[in-house]
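Spelled out from the first residue to the last, the chains are:
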Amino acid sequence: QVRVIESGGGLVQPGGSLRLSCATSASVFSIKSMGWYCQPPGKERELVAAITSGDSTNYADSVKGRFTISRDSAENTVYLQMNSLKPEDTGVYYCNVQVKGLVGPRLYDYWGQGTQVTVSS
């Protein structure tokens, strides 16, 4: 069973910073990509940032220049450094792990239970 565990959320004032961590039990050889999604109150879950096994990154336009995603292959861990936080960043942040199968083209998605990020004065 693939496990995904997030940490690092909390309450922070506008302009502050947080660093989220996501650790997975998936093999480094099977991971296609890992990413962070945010679900704001009353809205759908949306992609914030993702990183592939080749270190290619994608960011939502709203976080470019403020957030940085990185990975530590040895620890099977990804991080999301969030700076200059805004109230609009508030939501539950979920870590996604995309794993390739041993054979065939199918990819499998695994999710953590989420960590709350609240940006408020």
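Before going into details, it helps to say that this report is about the structure given with it. (Residues numbered from 1 in each chain as written. Predicted model: local features only at pLDDT ≥ 70, side-chain atom pairs only at ≥ 80, totals over all residues. Heavy atoms only, no water.)

A word on the environment of Cys22
Mapping Cys22 onto the fold places it in strand β3 (residues 18-24). Given the relative accessible area of 0%, Cys22 is considered buried. Other than its neighbours up to four places away in sequence, Cys22 contacts Val4, Ile5, Glu6, Met34, Trp36, Asn76, Thr77, Val78 and Cys95. (Helix = DSSP H or I, 4+ residues; strand = E, 2+ residues; numbered from the N terminus. Buried < 20%, exposed > 50% of the residue type's maximum accessible area, 1.4 Å probe, protein only. Contact = heavy atoms within 4.5 Å.)

Section: the side chain of Thr115
Relative to the helices and strands, Thr115 resides in strand β11 (residues 115-119). Using a relative accessible area of 10% as the deciding quantity, one classes Thr115 as buried. A polar atom in the side chain of Thr115 sits 3.2 Å from the backbone nitrogen of Gly9. Thr115 has contacts with Glu6, Ser7, Gly8, Gly9, Leu20, Trp36, Gly91, Val92 and Tyr93, leaving out every residue within four places of it along the chain. (Polar contact = N/O pair within 3.5 Å; in protein donor to acceptor, adjacent residues only side chain to side chain.)

Observations regarding the nonpolar core
Counting residues in hydrophobic clusters, the biggest one holds 26 residues, and the most contacted among them are Trp36, Leu80, Met82 and Tyr93. Those elements that place two or more of their residues in this core are β3, β4 (31-39), β5 (46-52), β7 (67-72), β8 (77-82), β9 (91-100) and β11. Dropping the residues within four chain positions of it, Tyr93 is found in contact with Glu6, Leu20, Trp36, Tyr37, Cys38, Val48, Phe67, Leu80, Met82, Gly114, Thr115 and Val117. (Core = buried A, V, L, I, M, F, W, Y, C linked by side-chain atoms within 4.5 Å.)

What is shown is where atoms sit, not what they do.
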